[in-house]
Amino acid sequence: MSETIRFTLDGEQVEAEKGMTIWEVANGRGLKIPHLCHKPQPGYRPDGNCRACMVEIEGERTLAASCIREPQEGMVVKSASARAETARKMVMELLLADQPEREAAHDKSSHLWDMAEENGVSESRFPTVEPERIPLLDDSHIAMRVNLDACIQCGLCVRACREVQVNDVIGMSGRGHDAYPTFDLADPMGESSCVACGECVQACPTGALMPATVLDDNQQGDSKDFDSEQQSVCPFCGVGCQVSVKIKDGKVKSVEGINGPANEGRLCVKGRFGFDYIHHPHRLTKPLIRREDAPEKGLNVDPSNPWTHFREATWEEALDKAAHGLQDLRSYYGGQSVAGFGSAKCTNEEAYLFQKFIRQGFGHNNVDHCTRLCHASSVSALMENVGSGAVTATFNEIENADVAIVIGSNPTENHPVAATYFKQFTKRGGELIIMDPRGTAMKRHAKHMLQFRPGTDVSLLNAIMNVIVEEKLYDRQYIEGFTEGFFEFRDHIRAFTPERMSELCGIAPEVIREVARTFAGAQRAMIFWGMGVSQHIHGTDNARCLISLALLCGHVGRPGTGLHPLRGQNNVQGASDAGLIPQFMPDYQSVTDPEVRSLFRHIWKGTDLLDQPGLTVVEIMDRVYRGEIKGMYILGENPAMSDPDVEHARRALAQLDHLVVQDIFLTETANFADVILPASALPEKSGTVTNTNRQVQVARKVVDAPGEAREDWEILVALARRIGLDWDYDDPREVFDEMKMSMRSLHHITWKRLERDSAVTYPTFGPDDPGQSVVFADGFPRRAGRAKFTPARVTPPAEVPDESFPMILTTGRQLEHWHTGSMTRRATVLDAVEPEANCSLHPSTLRKLGVEPGGLVRLTTRRGAVEVMARADRAVAPDMVFLPFAYVEAAANILTNPALDPFGKIPEFKYSAVRVENPEQVAAE
Ligand SMILES: Nc1nc2c(c(=O)[nH]1)N[C@H]1C(S)=C(S)[C@@H](COP(=O)(O)OP(=O)(O)OC[C@H]3O[C@@H](n4cnc5c(=O)[nH]c(N)nc54)[C@H](O)[C@@H]3O)O[C@H]1N2
Ligand SMILES: Nc1nc2c(c(=O)[nH]1)N[C@H]1C(S)=C(S)[C@@H](COP(=O)(O)OP(=O)(O)OC[C@H]3O[C@@H](n4cnc5c(=O)[nH]c(N)nc54)[C@H](O)[C@@H]3O)O[C@H]1N2
Ligand SMILES: [Mo]
């Protein structure tokens, strides 16, 4: 129970919880006490250095900074006494003395000027600072400007950088009046290790740090100069940060983080500075139809001049052509000749409509999306052993944990806002254990960094569990109460001794033992994982091990415990929930279950559904290659870049009789289209999206779509009508209501409620329950409420290095780019920061090859070769090369292996055998 304190505030008796500050109590009661160095947002510690919030406390000689002062029983506080007001005014005047005039301010509407107004101060009586002491403009960063003449040394930027985002780039140097923020050790911002999250810019109350888009050439601007402001959700990753987007003249001017449940005001470089892809001149603004005299289909269209291959068409003509092409194939060859890939970048309603379009329109389940290339194996292990594919706890629950494992995931680049919570967890003493063959940036914060051999997760994890079993560190009560299969599991795990497994995974037995003891000994521990776990032919086994590890120790179902596969796309959780997968109808209801089919026959007015699970992404592409599937509808996916063995995928796409692509850009996939339908981007439409935390949020329309581009759901409805379906939705809300008819997860969630509360976590047990951030406290949605131990054996990767291909290729992502690059290579800031295709190798490997950092290397696998610029990076093991897959000019997936995990049907993106050469030497031979 929290203690209550009674005190007097401005003559009134008030109550406060112990630990609250006077400022917080006053603010909660609607009183306005000015504040500058204080930012009332989660994560910001009050500092009390600027004195702008001073109040009078009876019996005390000096005034107190209300942002750090806690009230005491019986205290008498006056926030508006003459003495307090005069003192605050004085503070403002002193601060303004050192500022540029308001007319010449960097930010005419800064928080500082607001506060000055509130104090009734518009200018200063005090002498201004000597000009030579004014620090110069630093415009070295593409996205942000530093004008320290407006700095009031409040230290908010330092707290933003060190304590909120935990990037540790900004510090104060110099003394007293001459103390200013510096980047690293006094580098210009653009040359420092800054990752451009922009938290400092958002925190700065004076305009000393500003987004470049708000300033003119004279470094003047006005952060409140916009036509409208809209709250929405970031379109990039599965964290689902809530944003406020400022619009001027129909374009995004700037973006700020707001207080969503997952981000609490924070953003990363993509969310803050990556929005302008929607304004890129390459945006599709009219429907396009392949010209009769177009060259043969191939990867040969220039997106800025597609007219050799395509011509513009009216929506009528394009929709007719798109629909008739699919319909003709259906009547000629049967429904099975058409398949669809939907999108995890669109809304829940759009995902639902897409799977319905294929299932209802073509009578089968051959509909899938990028989840197949992503967490398919994690989901299959979770469904099998836990009974549900979603996370058991939100990532924010790490606040309540004392130990956390992050395995095969690189959150500082791929889930940067989630990473801030992980880093904060270590700052307050939480023990972080990282398991990754590559030394990720998170390493710096970890207690244990297990840099093990790639592809050996099962050996490492089994060895850890062997220790837990042999040393009887497991939670017997939990195992008895909530699980099944323990005894078989215990017998199985005995063979995997740390000594034996150490030879495979390369981690010393003592370290394995120590990690096992730490995890098992924790009061509360969580496991986070990513693509390093899932994208293997043994991805499902990897995830089974993680589930078993959590179950052994009872680390599920309580605050600060849980299993969290960090979901990737902004709406991959929602698209999967909505049934955009071949085995399941919405809410993971099996297509093989007659009751499920009869429910949907009822909701979908008599549609007979096929009782066989459909084909997955890679399987569909194989059938296309073999000519068995002749038509495809691809909405918001770019398989000509994201599929494994992409030359094969491209040849397949070229063979299609009819390909309809619906995207916002003329992607590599659209190169092969017969009809291209221009869609609205997420900030141009309304709908719901679901993040990695199971939080359903509303994405609101922020700007109009360019030209004739239409919202994806509208296009789907128009096409559905043309293939003979009687769809009559006029609004995504109607789709949402239909989804609720079959989706238990949406119980108690209404569109109205989402608009009001901005986010609801499912499951929610009532209209006032914000939702369950931790689930399965009382058992699992499986037989007898028990989760299951499924033993996993060691399987080598599908393709191991040999004489011809002696090294290991691993692929993945970088902070600034999104997957196939379609969006981020068209975002000004992101493309400027990371403009060139690159790979990373250990410096010693580069030296052996005779390649300087920045020089070219040639990478060859059994499937193809690319030449790409090489960076030296000690984080990469000497026998490995890391290649991001965002660059068409050196497309990683020309190289990757399409071998599949038997359960999740996910390809082995994280491991292929590769030959790395110096192209100059190859040419000389
Ligand atoms: N900037 C950015 N952010 C993104 C995305 C993006 O494209 N760009 N994509 C989003 C999507 S859809 C996803 S799925 C997520 C993915 O996010 P992550 O899962 O973090 O993605 P990756 O970079 O592919 O790989 C993660 C880690 O796996 C490690 N790894 C490689 N091989 C192995 C192995 O054998 N075992 C283990 N344990 N680890 C291994 C790699 O070294 C790497 O650090 O990111 C999302 N966020
Ligand atoms: N080598 C390698 N390959 C991989 C992976 C890897 O780690 N390594 N990771 C895999 C993983 S985890 C994933 S998730 C996949 C991702 O694979 P994809 O989903 O194919 O990749 P994206 O580039 O995200 O494609 C999204 C497409 O949607 C479009 N788009 C964006 N917004 C909208 C919208 O509102 N409407 C419409 N209609 N279109 C829109 C974009 O322009 C883009 O073309 O890649 C996989 N491929
Ligand atoms: Mo993904």
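Residues numbered from 1 in each chain as written. Chains lettered and ligands numbered in written order. Predicted model: local features only at pLDDT ≥ 70, side-chain atom pairs only at ≥ 80, totals over all residues. Heavy atoms only, no water.

**Things to note about the sheet that holds strand E18 (residues 403–407)**
Consideration 1: Pairing in this open sheet of five strands is parallel, and the strands run E20-E19-E18-E22-E23 from one edge to the other. Edge positions in the sheet fall to strand E20 (448–450) and strand E23 (562–565), since each of these pairs with one other strand and no more. For this sheet, the mean inter-axis angle between neighbouring strands, taken without regard to orientation, is 15°.
Consideration 2: Strands in contact with helix H12 (residues 457–470) are E18, strand E19 (431–435) and E20; relative to E19, the strand with the most contacts, it is inclined by about 140°.
Consideration 3: In the packing of helix H18 (residues 539–552) onto the sheet, contacts are made with E18, strand E22 (525–529) and E23, and the angle to E22 comes to roughly 170°. (Pairing = 2+ DSSP bridges. Helix = DSSP H or I, 4+ residues; strand = E, 2+ residues; numbered from the N terminus. Axes fitted to C-alpha atoms, helices over the stretch in contact; angles between N-to-C directions. Contact = heavy atoms within 4.5 Å.)

**Re the site of ligand 2**
Consideration 1: Lining the immediate surroundings of ligand 2 are 36 residues, of which Asn638, Ser642, Asp663, Thr820 and Asn893 lie closest.
Consideration 2: Here Ser642 contributes a side-chain N or O atom positioned 2.7 Å from an oxygen atom of ligand 2.
Consideration 3: In the model, an oxygen atom of ligand 2 is placed 3.1 Å from a nitrogen or oxygen of the Ser680 main chain.
Consideration 4: About the coverage of ligand 2: the protein hides 99% of its 920 Å² of free accessible area.
Consideration 5: If you count residues domain by domain, the shell around ligand 2 takes at least three from each of domain 3 (319–374 + 571–746) and domain 5 (807–923). (Near = heavy atom within 4 Å. Polar contact = N/O pair within 3.5 Å; in protein donor to acceptor, adjacent residues only side chain to side chain. Areas by Shrake-Rupley, 256 points an atom, 1.4 Å probe, with all protein chains shown as cover. Domains from an automatic or database assignment.)

**Structural notes on the sheet that holds strand E7 (residues 144–147)**
Consideration 1: With antiparallel pairing, three strands are arranged side by side in an open sheet as E6-E7-E10. At either margin of the open sheet sits one strand with a lone partner, and together these are strand E6 (137–138) and strand E10 (209–211).
Consideration 2: Here E7 runs beside E10; their pairing, made up of three bridges, is antiparallel. Bridge pairing in E10 places Val146 opposite Leu209.

**A few points about the pattern of salt bridges**
Consideration 1: Across all of its chains, the model carries 54 salt bridges by this definition.
Consideration 2: Of the charged contacts, one joins Glu471 and Arg517 as a salt bridge, the two residues approaching to 2.8 Å between their closest N and O atoms. Note that Glu471 is positioned in the loop between H12 and helix H13 (476–482) and Arg517 in helix H16 (residues 509–521), a separation of 46 residues in sequence.
Consideration 3: Judged by its relative accessible area of 41%, Arg517 is partly exposed. (Salt bridge = Lys/Arg side-chain N within 4 Å of Asp/Glu carboxyl O. Buried < 20%, exposed > 50% of the residue type's maximum accessible area, 1.4 Å probe, protein only.)

**Regarding helix H23 (residues 646–655)**
Consideration 1: Those residues of H23 that fall on the buried side of the exposure criterion are Val646, His648, Ala649, Arg650, Ala652 and Leu653.
Consideration 2: Buried residues in H23 make contact with helix H21 (617–625), strand E26 (631–635), helix H22 (639–642) and strand E27 (658–663).

**Observations concerning the domain arrangement of the protein chain**
A common measure of how large an interface is: the accessible area buried when the components associate.
Consideration 1: Per the domain assignment, the segments of the protein chain are domain 1 (4–93), domain 2 (126–273), domain 3 (319–374 + 571–746), domain 4 (387–565) and domain 5 (807–923).
Consideration 2: Using C-alpha coordinates to define each centre, domain 1 is positioned 45 Å away from domain 4.

**Concerning the nonpolar core**
Consideration 1: In this structure, Phe357 and Phe422 are the most contacted members of the largest nonpolar core, which totals 126 residues.
Consideration 2: Those residues within four positions of Phe357 in sequence are excluded, and the remaining contacts are Leu326, Phe362, Tyr633, Leu716, Leu719, Ala720, Ile723, Leu725 and Trp727. (Core = buried A, V, L, I, M, F, W, Y, C linked by side-chain atoms within 4.5 Å.)

**Describing the environment of Ser193**
Consideration 1: Looking at the secondary structure, you find Ser193 in the loop between strand E9 (180–183) and helix H5 (199–203).
Consideration 2: C-alpha separation for the pair Ser193 and Leu95, spaced 98 residues apart in sequence, amounts to 30 Å.

**Remarks on the packing of helix H20 (residues 594–603) against helix H25 (residues 732–742)**
Consideration 1: Direction vectors running N to C along H20 and H25 enclose 150°, while the axes themselves pass 10 Å from each other. As summarised for this structure, H20 and H25 are arranged roughly antiparallel, according to the angle between their axes. Between H20 and H25 the crossing geometry is right-handed. For the pair H20 and H25, the contacting residues are Leu599, Phe600 and Ile603 in the first and Glu738, Met741 and Ser742 in the second.
Consideration 2: For the contact of H20 with H25, a count of residues per class yields four nonpolar, one polar and one charged. (Parallel < 35°, antiparallel > 145°, perpendicular 65-115°, else oblique. Left-handed = near helix turned anticlockwise from the far one by under 90°. Nonpolar A, V, L, I, M, F, W, Y, C, P; charged D, E, K, R; others polar.)

**Examining the packing of aromatic side chains**
Consideration 1: Counted according to the given criterion, the structure contains 20 aromatic pairs.
Consideration 2: Ring centres 5.0 Å apart and planes at 50° place the aromatic pair Phe354 and Tyr633 in the tilted group. In this pair, Phe354 sits in helix H8 (residues 348–362) while Tyr633 sits in strand E26, placing the two residues 279 residues apart along the sequence.
Consideration 3: You can call Phe354 buried: its relative accessible area is 1%. (Phe/Tyr/Trp six-rings, centres within 6.5 Å; stacked < 30°, edge-to-face > 60°.)

**Notes on the site of ligand 1**
Consideration 1: In the vicinity of ligand 1 there are 34 residues, among which Asp436, Gly455, Asp457, Met531 and His817 approach most closely.
Consideration 2: With respect to ligand 1, the backbone of Asn410 contributes an N or O atom lying 2.7 Å from an oxygen atom.
Consideration 3: A distance of 2.8 Å separates an oxygen atom of ligand 1 from a polar side-chain atom of Lys910.
Consideration 4: Protein contacts shield 99% of the accessible area of ligand 1, which totals 920 Å² for the unbound molecule.
Consideration 5: Secondary structure elements with two or more residues in the shell around ligand 1: helix H10 (411–414), helix H17 (531–534) and strand E33 (807–812).
Consideration 6: Residue composition of the shell around ligand 1, grouped by class: 10 nonpolar, 17 polar and seven charged.
Consideration 7: Taken domain by domain, the makeup of the shell around ligand 1 includes at least three residues from each of domain 4 (387–565) and domain 5 (807–923).

**Overview of the UniProt feature "domain: 4Fe-4S Mo/W bis-MGD-type" (unreviewed entry) in the protein chain**
Consideration 1: The feature "domain: 4Fe-4S Mo/W bis-MGD-type" (unreviewed entry), as given by UniProt, occupies residues 227–282 in the numbering adopted here.
Consideration 2: Taken end to end, residues 227–282 has its terminal C-alpha atoms 25 Å apart, with 9% of it in helix and 36% in strand. (UniProt positions renumbered as here; feature names shortened; annotations may be inferred.)

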